[in-house]
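Below, each chain spelled out in residue letters.
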Amino acid sequence: MPRRANSSAHPLWIIGAIVVLIFSIGGGYFFFKTANDPYRTLTPLDVHAYLENSNSLRGNVYKLDATVADSLAWSPVAGRLYSVDVTSGGDMLAVMIPAQFNQINIQKGQRFYFRLEVGERGILQVKDLKKV
Amino acid sequence: MKLTLAVLLGMSSALCVWAQGPEPQPAPAAPRANPPTPASSPGFLGKDLPAFNPGNELFTWDGKNWSISNNRVFEARFEKYLNAPEESSEDEKKYRRIIREILDKLSPKTFSTKSVDEAFRLLSKASDFEIDAHLCDSLGDAVYSAWRAMDANQRLAQANEGLEQERKQHEWNSQMAANEDHVEAPPHNKDAAAAWNKEQQLKRDTRMHPYVTRLAEVMALIKSNQLKKELSELQTKIEFQALIMQLFLQRRFEHVLIATRFYRGVFGDGDTQLRVGKDAKSFFARTAGAPPTVSTLDALANEAIRDVREGVQAYEFLVEKNELESASKRLGEAFVVGEYLPEIRTLPREKKRLALEFTQQANQLVSAIEVKDYTLAEKLVHQLESSAKDFDNSKPMAAIETAKTVSAMHLAKARNAAVSGDKTTLEDELKAATEIWPRNPALAQVSGLIFKQADVQQQALVDFDQLLSQHNYRQILENRVRFIAASALYPDRQEKLAKVLHDMEIIEGAIIRSSEIAKHGDYAGAWETVEKVSRQFSDDSKLNQVRADLTTEAAEFVRTLRTAQQMEERDQVGSSLGWYLKAQKIYPASEFAKEGVDRLTKKVMPTEG
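Residues numbered from 1 in each chain as written. Chains lettered and ligands numbered in written order. Predicted model: local features only at pLDDT ≥ 70, side-chain atom pairs only at ≥ 80, totals over all residues. Heavy atoms only, no water.

Draft legend 1. Fine view of the overall build of chain A. Assigned secondary structure in chain A consists of two helices and five strands. By residue count, 36% of the 132 residues in chain A fall in the buried class. In chain A, the share of contacts with a sequence separation of at least 24, taken over all contacts with a separation of at least 6, comes to 45%. Carbon and sulfur atoms make up 58% of the accessible area of chain A, which totals about 8,300 Å². (Helix = DSSP H or I, 4+ residues; strand = E, 2+ residues; numbered from the N terminus. Buried < 20%, exposed > 50% of the residue type's maximum accessible area, 1.4 Å probe, protein only. Contact = heavy atoms within 4.5 Å. Areas by Shrake-Rupley, 256 points an atom, 1.4 Å probe, with all protein chains shown as cover.)

Draft legend 2. Here's a closer look at the packing of aromatic side chains. Residue and element names in this part refer to chain B. In total, this model carries 16 aromatic pairs over all chains according to the counting rule given. Relative to Trp147, the ring of Phe120 lies with its centre 4.9 Å away and its plane at 55 degrees, an arrangement referred to as tilted. Of this pair, Phe120 sits in helix α4 (residues 113-126) while Trp147 sits in helix α5 (residues 135-178), placing them 27 residues apart in sequence. When the ring of Phe464 is compared with that of Phe483, the centres are 5.6 Å apart and the planes differ by 55 degrees; the resulting orientation is tilted. One end of the pair, Phe464, is in helix α16 (residues 441-469); the other, Phe483, is in helix α18 (residues 480-486), with 19 residues separating them in the sequence. For the residue pair Phe464 and Phe483, the accessibility class agrees, reading buried in each case. (Phe/Tyr/Trp six-rings, centres within 6.5 Å; stacked < 30°, edge-to-face > 60°.)

Draft legend 3. Structural context of the packing of helix α9 (residues 294-320) of chain B against helix α10 (residues 324-338) of chain B. All names here are of chain B. At a closest axis distance of 8 Å, the pairing of α9 and α10 adopts a crossing angle of 160 degrees. Here α10 runs roughly antiparallel to α9, going by the angle between their axes. Judged by the sense of rotation from one axis to the other, the crossing of α9 with α10 is left-handed. Packed against α9, whose contacting residues are Ala304, Val308, Gly311, Val312, Ala314, Tyr315, Leu318 and Val319, the element α10 presents Leu324, Ser326, Ala327, Ser328, Arg330, Leu331, Ala334, Val337 and Gly338 at the interface. Looking at the contact of α9 with α10 residue by residue, the classes come out as twelve nonpolar, four polar and one charged. (Axes fitted to C-alpha atoms, helices over the stretch in contact; angles between N-to-C directions. Parallel < 35°, antiparallel > 145°, perpendicular 65-115°, else oblique. Left-handed = near helix turned anticlockwise from the far one by under 90°. Nonpolar A, V, L, I, M, F, W, Y, C, P; charged D, E, K, R; others polar.)

Draft legend 4. Main features of the confidence of the model for chain A. Per-residue confidence for chain A averages 86 on the pLDDT scale, and 89% of its residues sit at or above 70. Ranking the elements of chain A by mean pLDDT puts helix α1 (residues 11-36) of chain A last, at 79, and strand β3 (residues 92-97) of chain A first, at 94. (pLDDT = per-residue confidence, 0-100.)

Draft legend 5. Quick peek at the interface of chain A and chain B. Across the contact, 24 residues belong to chain A and 19 residues belong to chain B. Each partner contributes to the roughly 1,800 Å² buried at the junction of chain A and chain B, and carbon and sulfur atoms together form 60% of this total. Sorting the residues of chain A by area buried against chain B places Leu51(A), Met92(A) and Arg121(A) first, and these three jointly supply 33% of that buried surface. Applying the counting criterion to the chain A and chain B interface returns two salt bridges. Among the salt bridges present, the one from Lys582(B) reaches Asp91(A), with a minimum N-O distance of 3.5 Å. Our enumeration of links across chain A and chain B arrives at 13 residue pairs in polar contact (both at pLDDT 80 or more). Looking at the side of chain A that touches chain B, the elements that each hand over two or more residues are α2 (47-52), β1 (61-75), β2 (79-86) and β3 of chain A. (Buried area = accessible area lost by both parts, 1.4 Å probe. Salt bridge = Lys/Arg side-chain N within 4 Å of Asp/Glu carboxyl O. Polar contact = N/O pair within 3.5 Å; in protein donor to acceptor, adjacent residues only side chain to side chain.)

Draft legend 6. Highlighting helix α13 (residues 374-387) of chain B. Residues and elements named next belong to chain B. For α13, with 14 residues, the first-to-last C-alpha span of 19 Å sits near the 20 Å given by 1.5 Å per residue. The set of residues buried in α13 consists of Tyr374, Ala377, Glu378, Leu380, Val381 and Leu384. Each buried residue of α13 lies within a common arc of 165 degrees when the element is viewed along its axis, so the set occupies one face. Where the residues of α13 are buried, they touch α12 (349-370), α14 (394-420) and α15 (423-436). (Expected span 1.5 Å × (residues − 1). Arc of directions from axis to C-beta.)

Draft legend 7. A look at the pairing of strand β5 (residues 124-131) of chain A. All names here are of chain A. Judged from the two bridges that link them, β3 and β5 form a sheet pairing that is parallel. Bridge pairing in β5 links Val95 to Leu124. In this sheet, β5 lies alongside strand β4 (residues 111-118) in antiparallel orientation, the contact comprising seven bridges. The residue of β5 that forms the bridge with Leu116 is Val126. (Pairing = 2+ DSSP bridges.)

Draft legend 8. Layout of the confidence of the model for chain B. The pLDDT averaged across chain B works out to 81; a share of 86% of its residues lies at or above 70. Ignoring residues within four places in sequence, the model shows residues 1-46 of chain B, a span with pLDDT below 50, making 93 contacts including any to other chains.

Draft legend 9. Structural view of the pattern of salt bridges. Residues and elements named next belong to chain B. By the definition in use, this model includes 35 salt bridges over all chains. Close ionic contact of Arg306 with Glu310 constitutes a salt bridge, the shortest N to O distance being 2.7 Å. Of the two residues, Arg306 and Glu310 both sit in helix α9, four residues apart, roughly one turn of that helix. What makes Glu310 partly exposed here is its relative accessible area of 43%. Glu568 serves as the salt-bridge partner of Arg599, at 2.5 Å between the closest nitrogen and oxygen. Here Glu568 lies in helix α22 (residues 555-569) and Arg599 lies in helix α24 (residues 591-604), a separation of 31 residues in the sequence. The class of Arg599 is partly exposed, set by a relative accessible area of 36%. Shared partners join several salt bridges into a network, and the residues in it are Glu87, Arg96, Glu254 and Arg345.

In structure tokens form, the structure reads like this:
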């Protein structure tokens, strides 16, 4: 009987394909994520340092990924003050969203990317925000 | 008769109590029996004659009153008598026999000159005994003086008889001289006859003159002697009567009988009327209904002797019946009248001692009531009730119970005044209670209680002030009952105490609430509960302890909140707000966190309401 030719793929090839696939997915995710962060060039806010001495960070601009926790105050002129739950670390911060963003609907539980500046007396003044 | 006797005995008692002074008796309102007529001028024994009221046993004299059985002199003499042995020695028996013999010899049944002389001789024998106090000597002297006076009167009578003879002789001589015959005839001439007659008259007068003069002298001598005799007799009678009166007043009734019988023997003229002062005479006349005589005194003395004898017999009978009160009274009355009579002097001491114990206790009872020692008085009343079945406790018990009730009322008022802080009333009521019953045991008890209460109160106030200055409110709370009572009279302290207790109420409330919250595992909430209070009352140790325990249990929340507060203090508004929000995340109901957030929010957005 004639010897049949071996038609199945070599296992090494299969393992390599899986690795390539995984890397492809991870890279795609990372790319997607990075491409989706509008403030990827900004330095994330060092929440720990901020909480220790907010005044020392005055004038600096940072980005912050946080979820809206509660509305603390509102003024048609000054804007809105929200408490936000920092995504990484679970700390709570207060951010001042000026009146210029009044058209943006901000609700409790919404996650945002904030571009913000440490203002007078360490108040975080939102310069821009994007809903995640 | 008995009343007169009592009156006269009252006079003698008056002499006994002369130096003692009056005892305070409720006599001003007491009725007086037969009040004596006031004398016109004050005399040796005062303005009034003494009077004795048998109804209340009060003796009234010169505006003062004595209880005849309740005065120190009587008590002392009576107790001395009750303690003394009976007079039963041979000497005393002999003396009694002599006195009896004298009385018998002077008795009207055997009365004669011989018996009077024999009685007179026995007087000197009787006076040899000490018990007689030489009264028989005095009596013998009086009798002898009277006899001497009577002898002198006899001699005056004899002298008058001689003078009478002489008078008669001089009268006869005078008549003879006047009637002498004329030997010469008168002249016829009218003028010469007139001159002759005149000459004859002159001669007759000259002859009669010596007889007439002597006659007048003799008449004068006779009258003078008669007057002397009468005066001498009267003086002797008065002296004798004075001695009888004196013996009567001394209650020497046997001597009175002897004296009156001698009097009748010496003065046989039947004149026995007593020559006493106008007041005494009028007094006798009013009480006895007749002018006083020696016989009156004799009858009174006999009556007194009989009365004493009956008194002693009554005493012996009452003692047998265990009626000691009446027995003692009867013996006391008999003793007052007949202290020197044989019935009294010979009563055996063993019989007298029964009355002595009762009398001593009765006197002690009177003294106890006088000094207002009602505890002792009540005890004595019970003793007397048990020892004498006839003891009338109504008067002493009425006095005791009244005093006790009034004293208790004053003490109750004092207690109320002490409670209400009315010092003036307290002092007044305590003083009144003390005056009514100085030895009231409750008085010392109440006084001690009040003073102790004052001490405790003062100590409590000192403690309160000290604890207040130390902010040791918890100690004040623990002793609040003591401090509430102590500060009742001090409004300023009351106010402070009220504030302390109110604060402690808040603290205790917070501790209880935190304990309940902690039981549910909400340590942050429990901590916050005590933290809020501890900020106000940081000195309370218990609160601090609870707070410290809960700080450990809710460490993360506390640390977060305190960091927030520290940041707020440093004007790190952003950081502080972040920490407050974190604390709120840990304990959403946290008031501190909410307040911190609100406070800082206002800083961030000042226009925001």
